[in-house]
Amino acid sequence: MEHLIEFKDIYKIYQMGEETVHALDGVDLTIDQGEFVAIVGQSGSGKSTAMNIIGCLDVPTSGTYHLGGIDVSTMEDDQQAEIRNKMLGFIFQQYNLIPKLNVQENVELPLLYAGVSAEERHERAIRSLERVGLADKRKNLPSQLSGGQQQRVSIARALAGNPSVILADEPTGALDSRTGREVLSFLQKLNAEGDTVVLITHDNSIAVKAKRIVRLQDGRIIYDGDSQDPQAVVQPEETGAADEDDGFAALLVEEVGE
Amino acid sequence: MNFGQSFRLAVKSLMTSKMRSLLTMLGIIIGVAAVIIITSLGNGMQNYMNDQFEEMGSNLVQAQVYLTGSSLDVKADDMYALVEKYPQYLSGVTPYNSIQGTVRQGSDEFKRTSVYGVGETFYNVNKNTIMTGSSLGKGRFLSYVDVEREMAVCVIGSYLEQEAFGGDALGKTLTVSGAPFTVVGVLDQSGDSSEGSSDDCIYIPYTQANRLGGSQWYVLYMFTSTDRSTAAAAKGIVENRLFKAYHDTDYYVVLTSAEMMDAMDSMVNLLMAILTLIAAISLLVGGIGIMNIMLVSVTERTREIGIRKSLGAKGRDIRSQFIIEAGTTSAIGGGIGIVLGIIMANAITNVIALVLGTGNDGFVAMPTLQGIAVAFGVSVAIGILFGYLPANKAAKLNPIDALRYD
C-alpha cells in the first residue's frame with residue numbers, strides 16, 4: 001500500500017559559517033492515512049526541520065519525500081505552494097491569523113488561493129467554522145476572540161481546504177493548560193473522524209495524546225512506536241549539542257515554559 | 001488571486017492609516033492636479049482662440065506684403081483685379097492697415113484706440129458684419145465712394161461712441177493725427193467695451209490711412225475665399241500673383257485663417273506639452289513616495305506574507321496583492337488630484353473672468369475628458385510601476401523566515 005507521507009533517507013544540512021549542521025541526518029519515516037503521529041524532540045533535535053519538510057515549506061538537501069505518492073522533495077516554490085494549498089492544513093503555535101481580516105475571511109484564505117468561487121468559499125468556510133463551534137463569530141476580528149477561540153479559527157482554516165494532512169506545530173504552546181487540552185481533544189476528534197494529524201511538540205504530556213510517537217534527537221529517529229509504550233516517553237540524555245536550526249524554537253519553548 | 005479582495009484589502013489598509021495614506025498619495029495628487037490644471041488652461045486657451053477665429057470667419061486669407069518702395073510693389077488695385085479674375089475662388093479683398101495715430105475729440109485724447117485703414121469690402125452687407133466679426137449697429141459702413149475719393153469718414157467702436165460722444169456719434173467729428181473724420185457708422189459691442197478692447201477702434205478708408213500712416217513698411221490684405229474649402233486654392237492664387245511681382249518669397253507671407261489657427265494651436269500645444277512634462281516630474285516623485293511606503297509595508301507585513309504563503313499563496317498571488325495595493329493607492333491619489341485639478345481650473349476661470357471682466361463667454365479653463373483619462377491612467381501606471389519592486393520583494397520571501405518574523 002502507498003504511504004501518505006514517505007521520507008527516504010532525508011538529510012537536511014545547513015552551513016553555519018565554518019560549521020556544518022545536520023538538522024536531519026538520514027531520516028526514514030512513513031505515515032499512513034488516518035494516523036495521529038506526534039513528532040517529539042527537544043530543541044535542536046530537528047523536529048522543526050522535519051515539520052518544514054513535511055509541510056513543503058522547505059526541501060531536503062538529499063533524499064526523497066513523497067506526499068500522497070507525489071515526489072515533492074525537488075519542487076519549485078510555486079509548485080510547493082500548490083501542494084501546501086491542496087494537501088496540507090497548518091495549525092501554528094501563534095495561530096497566525098491575519099489581524100485585518102475577519103474570522104470568515106481568514107478561514108476562506110486557502111480556498112481563495114485554490115481558486116474556489118466566492119459562493120462556495122463562504123459555504124465551506126461556514127461549514128468549517130461550524131465544526132469548531134465558531135460559526136457565530138465569523139464576522140469578528142481575530143483580536144476580539146480569546147486565544148483558544150483563535151486557535152480554533154486556525155483549525156477551521158486548516159480544515160477548510162480539505163487537506164490530506166493536518167500539521168500542528170506546538171498548537172497548545174500559547175494556550176493555558178485547560179484550553180490546550182480542549183484543542184488536543186479536538187485534534188483527537190478530527191483523527192477519529194478520519195483526518196491524518198501530525199503533531200510537532202517538545203512536550204511529552206502532549207505527545208502521548210497522539211497514537212504514535214516519533215522521537216527525534218540530533219536529526220535522527222531514536223524512537224518510533226505506540227504512544228502508550230513506556231519507552232516512548234523516556235527522555236533521552238542531554239547531549240548539549242543544540243541544533244542551530246532550532247534555536248528559535250528553543251526560545252519559544254523557554255518562553256512558554258515560564 | 002482574486003482582484004476584488006485585493007482591492008478591498010488595499011482600501012482597508014489605506015483607511016486604517018489615513019494620515020500616512022494621504023502623505024503617500026500627496027505627490028500623485030499634486031502631480032495629477034497640476035496636469036489637469038495645465039491641460040485645462042491649454043484647452044481653454046485653444047477654445048478661446050478658435051472662437052475668435054470663428055468669429056472672423058474661416059474663409060479668410062491674409063497676405064502680408066513688405067513694401068520695398070520701388071515700382072515692384074503690388075498696389076491695392078492689383079489685388080482687386082485678382083479678385084475679379086478669379087471669382088470662383090476669391091470673393092473679396094480689402095487692405096487692412098493698422099496705423100499709429102492719436103485720436104482726439106474735443107479736449108479728450110484716446111491713446112489706446114486702434115486705427116485701421118480698410119476698404120469697403122471689409123464689411124459684408126449680407127451678414128451685416130465686418131471681417132473681425134463685429135456687426136454694424138448704427139449708420140452705415142465705409143462705401144466704395146468713400147475709399148475712392150478718400151473721404152474723411154469713419155466707423156467707430158461702441159466704446160469710443162460712449163466715451164467721446166456720450167452714446168450719440170453719428171454725424172459728429174473726431175480727429176486722427178490731427179485730420180478730422182466724420183462718424184458715419186457705429187459698431188455693436190463685441191468685447192467688454194473697455195479702453196483698449198475690440199470696442200475701442202476706428203475704421204477709416206485705407207486710402208486715408210495710407211496718407212496718415214506715413215512710412216509703413218508693410219501692408220496687409222484680407223481676402224475672403226468663396227468658401228472654407230477654397231481657402232487653400234485662394235492662397236495659391238494670391239501667392240502666385242505676389243511671386244510674379246517680386247520673384248522672391250521673402251517679400252510676402254500669405255496665410256489662411258485655418259493655417260493661422262493651426263499655427264497658434266501648435267504653439268499652444270507645444271507650450272502645454274512642456275508645462276505638462278514639468279508637472280509630470282511631480283508624478284515621478286509621487287511614484288517614488290509610493291515605492292518607499294510599499295517597501296515599509298512589505299517589511300511590516302512579512303508575517304502576513306508568510307501566513308499567506310503557508311496557506312498556498314504563490315509568488316504571483318503575493319506580487320499581485322501588493323501591486324494592486326500600490327495601484328489602488330495611486331489611483332485614489334489620482335482621483336483626488338483630478339477633482340482638485342478641476343476645482344482649481346474652475347477657480348482660475350473665475351479669476352480670469354473677474355480680472356478681464358469678460359464674463360462667462362470669455363476664457364474658460366475646461367478640463368478635457370482625454371486629459372482626465374490620461375492623468376488617471378498615468379497615475380495608476382505609476383503606482384503599478386513603482387509598486388512592482390516592493391511587490392516582487394514580498395513575493396520572493398521565504399515562507400519559513402517570513403512565518404518566524406516578528
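Residues numbered from 1 in each chain as written. Chains lettered and ligands numbered in written order. Predicted model: local features only at pLDDT ≥ 70, side-chain atom pairs only at ≥ 80, totals over all residues.

Right, let's talk about the overall build of chain A for a bit. Looking only at helices and strands, chain A has eight helices and ten strands in total. The C-alpha atoms of chain A give 18 Å as radius of gyration, which agrees with the globular expectation for 258 residues (18 Å, within 12%). Taken over the C-alpha atoms alone, chain A extends approximately 50 × 40 × 40 Å along its principal axes. Within chain A, the proportion of its 258 residues that are buried is 48%. (Helix = DSSP H or I, 4+ residues; strand = E, 2+ residues; numbered from the N terminus. Rg over C-alpha atoms; globule rule 2.2 N^0.38 Å. Buried ≥ 20, exposed ≤ 12 C-beta atoms within 10 Å, placed from the backbone.)

Quick look at the overall build of chain B now. Helices and strands together make up the secondary structure of chain B, namely twelve helices and 14 strands. By the compact-globule yardstick of 22 Å for 406 residues, chain B is too spread out, its C-alpha radius of gyration being 32 Å. Each principal axis of the C-alpha distribution contributes one length, and for chain B these read about 100 × 50 × 35 Å. Residues classed as buried in chain B amount to 43% of the 406 residues present. If you take every contact in chain B between residues at least 6 apart in sequence, the share linking residues at least 24 apart comes to 83%. (Contact = placed C-beta atoms within 7 Å.)

On to unusual backbone geometry. Residues and elements named next belong to chain B. Of note in this structure, Glu150 is not a glycine but carries a positive phi near 50 degrees. Mapped onto the elements, Glu150 comes out in the loop between helix H4 (144-148) and strand E9 (153-156). Of note, His247 is a non-glycine position whose phi angle comes to about 55 degrees, a positive value. Summarising the element assignment, His247 is placed in the loop between helix H7 (231-246) and strand E14 (252-256).

Another point: the interface of chain A and chain B. Taken residue by residue, the interface counts 19 residues in chain A and 20 residues in chain B. Where the side of chain A that touches chain B is concerned, the elements lending two or more residues are helix H2 (77-87) and helix H3 (103-113) of chain A. For the side of chain A that touches chain B, the element with the highest residue contribution is H2(A), accounting for six residues. Here the residues of the side of chain A that touches chain B sort into ten nonpolar, three polar and six charged. (Nonpolar A, V, L, I, M, F, W, Y, C, P; charged D, E, K, R; others polar.)

Residues A:Val37, A:Ile39, A:Ala156, A:Leu167, A:Val198, A:Leu199 and B:Val32 are the most contacted members of the largest nonpolar core, which totals 114 residues. The biggest single contributor to this core is helix H2 (residues 18-56) of chain B, with eleven residues. Not counting residues up to four positions away in its chain, the partners in contact with A:Ile39 are A:Lys47, A:Ala50, A:Met51, A:Val198, A:Ile200, A:Val214 and A:Leu216. Judged by nonpolar contacts, the second largest core, of 57 residues, contains B:Leu82, B:Tyr89, B:Val186 and B:Val238. (Core = buried A, V, L, I, M, F, W, Y, C linked by C-beta atoms within 7 Å.)

Side-chain positions along a regular strand alternate between the two faces of the sheet. Residues and elements named next belong to chain A. As judged from the six bridges shared by strand E9 (residues 212-217) and strand E10 (residues 220-226), these two strands associate in the antiparallel manner. Note that in E10 the partner of Arg215 across the bridge is Tyr223. Here E9 hands over to E10 after two residues, with Asp218 in that stretch at a positive phi of 50 degrees. (Pairing = 2+ DSSP bridges.)

Here we take up the sheet that holds strand E5 (residues 70-71) of chain A. Residue and element names in this part refer to chain A. Ordered in space as E2-E1-E4-E5, the four strands form an open sheet in which the pairing is antiparallel. The open sheet has two edge strands with one neighbour each: strand E2 (19-31) and E5. Across ten bridges, strand E1 (residues 5-16) lies against E2 in antiparallel orientation. Following the sheet pairing, Lys12 is matched in E2 by Leu24.

The subject of this paragraph is the packing of helix H10 (residues 315-356) of chain B against helix H11 (residues 369-395) of chain B. Between two packed helices, the angle of one axis relative to the other and the distance separating the axes together describe the packing. Residue and element names in this part refer to chain B. Two numbers describe how H10 lies on H11: the axes approach to 7 Å, and their chain directions differ by 150 degrees. The pairing of H10 with H11 is recorded here as roughly antiparallel in orientation. In terms of crossing hand, the pair formed by H10 and H11 is right-handed. When its residues are assigned to classes, the contact of H10 with H11 shows 18 nonpolar, eleven polar and three charged. (Axes fitted to C-alpha atoms, helices over the stretch in contact; angles between N-to-C directions. Parallel < 35°, antiparallel > 145°, perpendicular 65-115°, else oblique. Left-handed = near helix turned anticlockwise from the far one by under 90°.)

Our next topic: the sheet that holds strand E6 (residues 88-91) of chain A. Strands in a sheet are paired, the pairing made by backbone hydrogen bonds, and the direction either parallel or antiparallel. Residue and element names in this part refer to chain A. Taken in spatial order, the six strands make up an open sheet running E6-E7-E8-E3-E9-E10, and their pairing is mixed. Pairing within the sheet leaves two strands with one partner each, and these edge strands are E6 and E10. Each adjacent strand pair in this sheet contributes to an overall mean axis angle of 15 degrees, direction not counted. Judged from the five bridges that link them, strand E3 (residues 36-40) and strand E8 (residues 196-201) form a sheet pairing that is parallel. Pairing of Phe36 across the sheet is with Val197, part of E8. Against the sheet, helix H6 (residues 177-192) makes contact with E3, strand E7 (165-169) and E8, and its axis sits at roughly 150 degrees relative to E8, the strand it touches most.

Structurally, chain B comprises domain 1 (3-53 + 263-404) and domain 2 (58-256). The gap between the C-alpha centroids of domain 1 of chain B and domain 2 of chain B is 52 Å. (Domains from an automatic or database assignment.)

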